[in-house]
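So the chains spell out like this:
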Amino acid sequence: MEKPVSSAPSDIPGPAPNAGILAIEAYVPGESKLPGGVKPIKLSSNETPFGPSPKAIEAYKAAAANLHLYPDGQATALRQAIGRRYGLDPARIVCGAGSDELLTLLAHSYLGPGDEGLYTEHGFLVYRIAILSAGASPVVAPERNLKTDVDAILAKVTPRTKVVFLANPNNPTGTYIGIEEVRRLRAGLPARVLLVLDAAYAEYVSRNDYEAGIELVATTPNTVMTRTFSKIHGLAALRIGWAYCPSRIADVLNRVRGPFNMSAPAIAAGAAAIEDAKFAEAAARHNEAWLAIVSSEIGKLGLAVTPSVANFVLVHFPASGAHTAAAADDYLKSRGIILRRVSGYGLPDCLRMTIGSEADNRAVIAALAAFLGKTGA
Ligand SMILES: Cc1ncc(COP(=O)(O)O)c(C=O)c1O
C-alpha cells in the first residue's frame, strides 16, 4: 500500500489566481438529493420529464464500442444534424460541453482586464462567473417587472463594454422580450459590442413575436446565439451546447476550445436527438399545457406566478410570516419535492419550479395547498 502523502504547510500561500477569480461565488446547481435516500420529485434544474429520445439512447449505447478512439474533433455529425434541422451553415456552428462552455469561451475570447461584461438584474448566473473569470468587470442592468429592459441595458453601456449576455427567455424569471426589442437592443449597441443571445429555452416558447436570434446572427457581424441539448432534448448529463456565429467568431471559438471538447457519445446522441423532431414537439406540447395549468392553479392558491414562456415558473411567497419561500422549500422537501431557491439571483422570496410530469405537477400543487392551509391534505 502507498504511504499517504503529507499535505503542504498551510502558511505558504501558493500561486495567486488571476484577478477577479476569488470574487467568483461558485455556481450552486439545483439540489437533487433528500435525506434518508428518499427518491425526490426533482423540479430544480429545468430538466425534461420525458428523458432523452429513445433514438438518442440507442445512438449513445452504440458509441460504447468505440470508447478507445478519440472523437471527431469537429463534431461534424452533430453540427450537420443541427444545420439540417434549422437550415444553417454547419461551418458557423460551434459545439461545446453545454452552452455553459460556450458562454465561458466567448467571455474569455472577447473580455479581459479593464473590460466590462453586461447582463440583466436577474440574469443567468453563469454570465457573472464567465465575466469575472476573464478578469473583466460585471455590470448589471436593472430589469422592469422581472423582464429585460432594453433601455436600461443601453444606459449601462460605456466605452469599456465589450459583451452583453442576454438570456431570452431568462432563467429564473421565465420572461422574454420579442424580436423587435432584441433588434432595437442590437441597433443601439456599438458595433464593437458582442451580443450573446442565450436561447437555452427557445424550443419551449410559443409566441408569435419571439425569435431565438438566428436571423440576427445571420445578418450582423457581432451577434451570437447559444442553444442547449440539456432542456427539451433531455441530454443534460452529456453536456451538449451549440453556438451559431458569424464566421469570424466561429473561427475564434474553434481556436480556443479544447480540440476534443465533445465526446463521441455526446456527438452521436445529440445528432440522433435533434433528428427526432416529433419527440421534442411532444415535450413542447406537454409543457405548454402544463405551464398554463401550473401557473393558474398556483395563482389560485394566492401566490403570484411570473408569466413564463419557458419550462419553469417563478413562484412568489410573502417576505415574512409562516409562508416564506424558505419555509415553503422546507415543507416541500419534507414531502419529497425539490424546487429551486433563487436567492442567489436576488429573488429570496421566490422558488423556481420546473414543469414536470402530470403527476409531479399535481403533487407540487397539492403540497403548496397544504403548506398554505388551503386544503385538508
Ligand atoms: C439561461 C441558461 N443558459 C444556459 C444554460 C446552460 O445550459 P447547458 O446545460 O447547455 O450548459 C442554462 C441552464 O440552466 C440556462 O438556464
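Note that the structure is predicted; figures quoted are calculated from it, not measured.

1. Quick word on the layout of surface pockets
One water molecule sets the probe size; rolling that probe over the atoms shows where empty space is left. Considering only enclosed or pocket space, the largest pocket measures out at about 490 Å³ in volume. Tyr 27, Ser 45, Asp 100, Phe 124 and Lys 231 are the residues nearest the centre of the largest pocket, which is lined by 28 residues in total. Ranked by residue count, the leading element in the lining of the largest pocket is helix 3 (residues 98–110), at three residues. Here the lining of the largest pocket is built from residues that sort into 11 nonpolar, nine polar and eight charged. When its volume is computed, the second largest pocket comes out at roughly 400 Å³. For the second largest pocket, the lining is made up of 19 residues, of which Glu 25, Ala 26, Val 28, Leu 125 and Gly 344 are closest to its centre.

2. Brief notes about the pattern of salt bridges
Taken as a whole and judged by the stated rule, the model has 15 salt bridges. Linking Asp 151 and Arg 184 is a salt bridge whose minimum nitrogen-to-oxygen distance equals 3.0 Å. Of the two residues, Asp 151 is situated in helix 5 (residues 150–155) and Arg 184 in helix 6 (residues 179–188); the sequence distance between them amounts to 33 residues. Looking at Asp 151, the relative accessible area reads 43%, which means it is partly exposed. Its relative accessible area of 33% is what places Arg 184 among the partly exposed residues. In this structure, the salt-bridge partner of Arg 362 is Glu 358, at a minimum N-O distance of 3.0 Å. A residue pair is termed a helical-turn pair when its members lie 3 or 4 positions apart in one helix, as Arg 362 and Glu 358 do in helix 12 (residues 358–371) at four residues. Members of the salt-bridge network, linked through shared partners, are Asp 151, Glu 181 and Arg 184.

3. Focus: the site of the ligand
Around the ligand, the surrounding shell holds 13 residues, and the nearest of these are Ser 99, Asp 198, Tyr 201, Thr 228 and Ser 230. At a separation of 3.0 Å, an oxygen atom of the ligand approaches a polar backbone atom of Asp 100. Contact with the protein chains removes 93% of the 400 Å² of surface that the ligand exposes when unbound. With respect to the pocket detection grid, the ligand is positioned in the largest pocket. Considering each element in turn, the shell around the ligand owes the most residues, three residues, to helix 3. Taken together, the residues of the shell around the ligand break down into four nonpolar, five polar and four charged.

4. Observations regarding the nonpolar core
Ranked by size, the top nonpolar core spans 32 residues in total, and within it Phe 165 and Cys 245 carry the most contacts. Every element with two or more residues in this core is listed here: helix 3, helix 4 (126–133), strand 5 (161–167), strand 6 (194–198) and helix 8 (247–256). Here the element with the most residues in this core is helix 3; it accounts for five residues. Those residues in contact with Cys 245, other than ones at most four positions away along the chain, are Arg 92, Val 94, Val 217, Val 224, Ala 250 and Leu 253. Residues Ala 81, Ala 266, Ala 269 and Ile 274 belong to the second largest nonpolar core, which totals 29 residues.

5. Quick look at helix 12
Here helix 12 contains 14 residues, and its C-alpha end-to-end distance of 20 Å stays within 8% of the 20 Å for a straight helix at 1.5 Å per residue. For helix 12, the set of buried residues is Asn 361, Val 364, Ile 365, Ala 367, Leu 368, Ala 369, Ala 370 and Phe 371. Where helix 12 is buried, its residues touch helix 10 (277–300), helix 11 (325–334), strand 11 (337–338) and strand 13 (350–354). At the C-terminal side of helix 12, Gly 373 shows a positive phi close to 75°.

6. Focus: the packing of aromatic side chains
Across all of its chains, the model carries 10 aromatic pairs by this definition. With 5.0 Å between their ring centres and 75° between their planes, Tyr 201 and Phe 312 make a pair best called edge-to-face. Of this pair, Tyr 201 sits in the loop between strand 6 and helix 7 (214–219) while Phe 312 is found in strand 10 (residues 312–316), placing the two residues 111 residues apart along the sequence. An identical accessibility class is assigned to Tyr 201 and Phe 312; each is buried. Each ring, one from Phe 317 and one from Phe 371, has its centre 6.5 Å from the other, and the planes form 70°; the classification is edge-to-face.

7. Here's the deal with the environment of Pro 348
Relative to the helices and strands, Pro 348 resides in the loop between strand 12 (340–341) and strand 13. Judged by its relative accessible area of 43%, Pro 348 falls in the partly exposed class. Measuring from C-alpha to C-alpha, the distance between Pro 348 and Thr 161 comes to 29 Å, with 187 residues separating the pair along the chain. Among residues more than four places away in sequence, those in contact with Pro 348 are Ala 325, Arg 341 and Ser 343.

Cut-offs used in this document
- Residues numbered from 1 in each chain as written.
- Predicted model: local features only at pLDDT ≥ 70, side-chain atom pairs only at ≥ 80, totals over all residues.
- Heavy atoms only, no water.
- 1 Å grid on protein atoms, 1.4 Å probe; cavity = no way out; pocket = protein on both sides within 12 Å on 5 of 7 lines; lining within 4 Å.
- Points joined across faces, edges and corners; volume = space filled by probe spheres on them.
- Helix = DSSP H or I, 4+ residues; strand = E, 2+ residues; numbered from the N terminus.
- Nonpolar A, V, L, I, M, F, W, Y, C, P; charged D, E, K, R; others polar.
- Salt bridge = Lys/Arg side-chain N within 4 Å of Asp/Glu carboxyl O.
- Buried < 20%, exposed > 50% of the residue type's maximum accessible area, 1.4 Å probe, protein only.
- Near = heavy atom within 4 Å.
- Polar contact = N/O pair within 3.5 Å; in protein donor to acceptor, adjacent residues only side chain to side chain.
- Areas by Shrake-Rupley, 256 points an atom, 1.4 Å probe, with all protein chains shown as cover.
- Sits in = over half its atoms within 2 Å of the grid points.
- Core = buried A, V, L, I, M, F, W, Y, C linked by side-chain atoms within 4.5 Å.
- Contact = heavy atoms within 4.5 Å.
- Expected span 1.5 Å × (residues − 1).
- Phe/Tyr/Trp six-rings, centres within 6.5 Å; stacked < 30°, edge-to-face > 60°.

In short, the description is geometric, and any link to function would need to be established separately.
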